[in-house]
Number of protein chains: 2
Amino acid sequence: MTGTEVATPAGRPPVMTDVARRAGVSHQTVSRVLNGHPSIRPETRERVQRAIDELGYRRNRAARALVTRRTLTVGVVASSTSLFGPSSTLHGVERAAHAAGYATILSTSDATDRDGVLARVAQLSDRGVDGLLLTAPLHEVPDLREHLPADLPTVCATGGPVTGLPSVHVDHRAGARAVTELLLRQGHREVRHVGGSPGWFEAAEREGGWRDALAAAGVAPAPVLAGGWGAAEGYVAGLALADDPATTAVVAANDQLALGLLRALRERGVDVPRRVSVTGFDDAPESAYLSPPLTTVRQDLERVGREAVGLLLERLAGGVATAPEHRVVVPELVVRASTGPPPR
Amino acid sequence: MTGTEVATPAGRPPVMTDVARRAGVSHQTVSRVLNGHPSIRPETRERVQRAIDELGYRRNRAARALVTRRTLTVGVVASSTSLFGPSSTLHGVERAAHAAGYATILSTSDATDRDGVLARVAQLSDRGVDGLLLTAPLHEVPDLREHLPADLPTVCATGGPVTGLPSVHVDHRAGARAVTELLLRQGHREVRHVGGSPGWFEAAEREGGWRDALAAAGVAPAPVLAGGWGAAEGYVAGLALADDPATTAVVAANDQLALGLLRALRERGVDVPRRVSVTGFDDAPESAYLSPPLTTVRQDLERVGREAVGLLLERLAGGVATAPEHRVVVPELVVRASTGPPPR
DNA sequence: ATACATGGTACACAAGTCACC
DNA sequence: CGGTGACTTGTGTACCATGTA
């Protein structure tokens, strides 16, 4: 912290015995002070502490890790970290882990690629992380559990529950159902859907929620428009929808898609929300400032990250492998100006 | 990788001597194989390798770090990781570091807070990272160099050059000058500026570039509108500008601000670009899909991250402290439909 | 005789911990 | 309370002796 490198006369960074010598105590006593052993006279403790400060002594992490078999590090395997969702989750993870004294090693794996993810996991395991947090889309790997190191506590913060692993996830289905129901309530007789990237649990669940709501209302779902997570895909879908006079409402799988949709509809002179209502999913910070402000579903992803870390810390502390717990975070409908009753 | 935990008969994970025993060689030979020592018979090498595979042996990172004094880990101190800019840089950093065999420990420090950053640095240093990469806004710390651990290779990937440290940064000034010049060329007699968050080098430099261009054209700069990095601040600025008939062009310090501006102007019935031209900075993925598509400045931040890692790796390998190098990444003007000639 | 390939031993790295006084 | 000494964690490595080609 001071920048000036305090060291022993010998020139090398101080070690525990240097502290002991300086404080006039033994190796053992310094260790007791450092690890909060009860039977240490306050005066001794203070003398040791002073020696530590004067020498600028810092415990060597590697040596501790070697003997304690703990690194106070958790590995995080994530994908698509440039997207708003994943990056929010990661932020929550990093903060919560840091607050608990753990560092996070992030390893991004670009694809929905099972072997890629497993390779990252192996690398992190080799690095000696105490636990593992997965946020990559993994629903395609039903036997994931068997492919992970058995002795490495692991939790998921993904789109949905993962077989055999504790996980935290948002109830995307409920969120999508809620927006769709909103539109139906406002009088729309048909609601279209622009899907997220194939292979993502989030995409499948949101589509599922949309279907659920339609089914409950007795409306037959029109074909899903092939999508993705970006504005470009939304734009393409929007151009297609603009030419269809029957369309009065569109549920997009995320806000970026909705942004692209809005652009395409405006370009074609289709008024939102008077002729077509549009909704998103995520509530990205800028979605309140689109034209018109976007009706969407807010999901507290930082909380998902926090809770996932909490779950992991429980495993790290408890040691006992209780049944895998699945925590569900409920999203919240945010109604803005991009939705309204259909034209008559 | 297999998930089945291969271990010695004793039940504990295999260590080097287990491999040696199994291969019928010595401790020393295994080590030589592992570290690529030249004088090893191919046949022996193979026998050792087979033993390693059969036992599922993995070298213990902590033990290696203890003796080699290298962890193959770099620490990254970042702030505002939820913003598009920082998160792009981080992505480049993570990928480049991973490709070079280094893991990254991310430590986010929320504020433009010098002590906060230094605390993160100290924690990472204690963790035994081999090098440090700073992406937090740090121009306020002219004597930063003296406050950092002297023996820890450190580079910056920030808004601008940092005294005494190697760094990679985008030439924000040139970027801002280029957009401003574009507007002047198109005939605008006055160009306003909505600034970024105070305390950020990026914000200061972009404002500087705007001023430079105006000065070169002999135009007196109107007061900067207080800003930030979010759409909300842009919206506020936009409401103020909408009422000013003299305003025909606005340079925003980033795309989010521009998005807020567009929203406010549309709300007030001000046509973009026919009455007012608007530009951003960043070229976020969705900026091509705003209405109208945003003229902006693209900066290759992933490259900034990559190059910063490259600089760091040089220091880690070379050892020799050459003069701090500053690499500058030149941004690129992206002209879209949000700009045009002023109304006559 | 001269490389090369390997074994054996010993110690270092820095901290944690146990038994005993 | 706290000192002493010995031993542990898993690798890296220097040194020196061997054996083989």
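The rules behind these values
Residues numbered from 1 in each chain as written. Chains lettered and ligands numbered in written order. Predicted model: local features only at pLDDT ≥ 70, side-chain atom pairs only at ≥ 80, totals over all residues. Heavy atoms only, no water. Near = heavy atom within 4 Å. Polar contact = N/O pair within 3.5 Å; in protein donor to acceptor, adjacent residues only side chain to side chain. Helix = DSSP H or I, 4+ residues; strand = E, 2+ residues; numbered from the N terminus. Phe/Tyr/Trp six-rings, centres within 6.5 Å; stacked < 30°, edge-to-face > 60°. Buried < 20%, exposed > 50% of the residue type's maximum accessible area, 1.4 Å probe, protein only. Lys NZ or Arg CZ within 6 Å of the ring centre and 35° of its normal. Contact = heavy atoms within 4.5 Å. Core = buried A, V, L, I, M, F, W, Y, C linked by side-chain atoms within 4.5 Å. Buried area = accessible area lost by both parts, 1.4 Å probe. Salt bridge = Lys/Arg side-chain N within 4 Å of Asp/Glu carboxyl O. Domains from an automatic or database assignment. Pairing = 2+ DSSP bridges. Right-handed = clockwise from strand over helix to strand, strands pointing away.

Focus on the protein's contact with DNA strand D
Around DNA strand D sit 27 residues in total, of which T29, R41 and T44 of chain A together with Q28 and R64 of chain B are the nearest. Taking the atoms of DNA strand D that fall within 4 Å of the protein, sugar and phosphate contribute 65% of them. Q28 of chain A is positioned such that a nitrogen or oxygen atom in its side chain is 3.5 Å from a base oxygen of DNA strand D. Between DNA strand D and the protein, one listed contact pairs a phosphate oxygen with a backbone N or O atom of M16 of chain B at 2.9 Å. Mapped by element, the contributors of at least two residues to the surface near DNA strand D are α2 (27-34) and α4 (61-68) of chain A together with α2 (27-34) and α4 (61-68) of chain B.

Thoughts on the packing of aromatic side chains
Using the criterion set out here, one finds 4 aromatic pairs over all chains in the structure. Ring geometry for Y235 of chain A versus Y289 of chain B: centroids 5.5 Å apart, planes at 55 degrees, classification tilted. Taken together, the residues span two chains, with Y235 of chain A in helix α10 (residues 231-242) and Y289 of chain B in the loop between β8 (277-279) and β9 (296-298). Judged by relative accessible area, Y235 of chain A falls into the buried class, the value being 18%. Taking the centre distance of 5.8 Å and the plane angle of 80 degrees together, the rings of W200 of chain B and W229 of chain B count as edge-to-face. With a gap of 29 residues between them, W200 of chain B in the loop between β6 (192-194) and α9 (201-216) and W229 of chain B in the loop between α9 and α10 (231-242) connect regions that are remote in the sequence. Relative accessible area serves as the criterion here: at 10%, W200 of chain B is assigned to the buried category. Residue classification places W229 of chain B among the buried positions, given a relative accessible area of 10%. The cationic tip of R206 of chain A hangs over the ring face of F281 of chain A; the distance from NZ or CZ to the ring centre is 4.0 Å.

Focus on the side chain of T71 of chain B
One can find T71 of chain B in the loop between α4 and β1 (73-78). Ignoring sequence-local partners within four residues, the contact set of T71 of chain B consists of R127 of chain A together with A65, G128, V129 and D130 of chain B.

Observations regarding the nonpolar core
In this structure, V194, L261 and V278 of chain A together with V194, L261 and V278 of chain B are the most contacted members of the largest nonpolar core, which totals 48 residues. Counting only elements with at least two residues in this core, the list comes to α10, β7 (249-252) and α11 (255-267) of chain A together with α10, β7 (249-252) and α11 (255-267) of chain B. Once you skip the residues sitting within four places of it in the chain, V194 of chain A turns out to touch L225, A226, G227, A237, L241, V250, V251, A252, A253, L257 and L261 of chain A. Of all hydrophobic cores here, the second largest spans 34 residues; its members include L144 and V162 of chain A together with L118 and V121 of chain B.

Some remarks on the interface of chain B and chain A
Across the contact, 54 residues belong to chain B and 55 residues belong to chain A. Carbon and sulfur atoms supply 51% of the area buried between chain B and chain A, which totals about 4,600 Å² over both sides. Counting the contacts that link chain B with chain A gives 2 salt bridges. For R58 of chain A, the salt bridge identified is with D126 of chain B, shortest N-O distance 3.4 Å.

As for the domain arrangement of chain A
Interface extent is often summarised as the accessible area lost during association of the parts. Examined at the domain level, chain A breaks down into domain 1 (16-59), domain 2 (70-170 + 301-331) and domain 3 (172-299). Between domain 1 of chain A and domain 3 of chain A, the C-alpha centre-to-centre distance is 63 Å.

Brief notes about the pairing of β7 of chain A
Residues and elements named next belong to chain A. Residues A249 and V251 of β7 are buried on one face, and the alternating residues V250 and A252, pointing to the opposite face, are buried as well. Note: strand β6 (residues 192-194) against β7, 3 bridges, orientation parallel. In the strand pairing of β7, H193 is matched with V251. By the bridge criterion, 3 bridges tie β7 to strand β8 (residues 277-279) in an arrangement that is parallel. Among the inter-strand pairings, V251 is bridged to a residue of β8, identified as T279. Read as a crossover between parallel neighbours, the route from β7 over α11 to β8 is right-handed.

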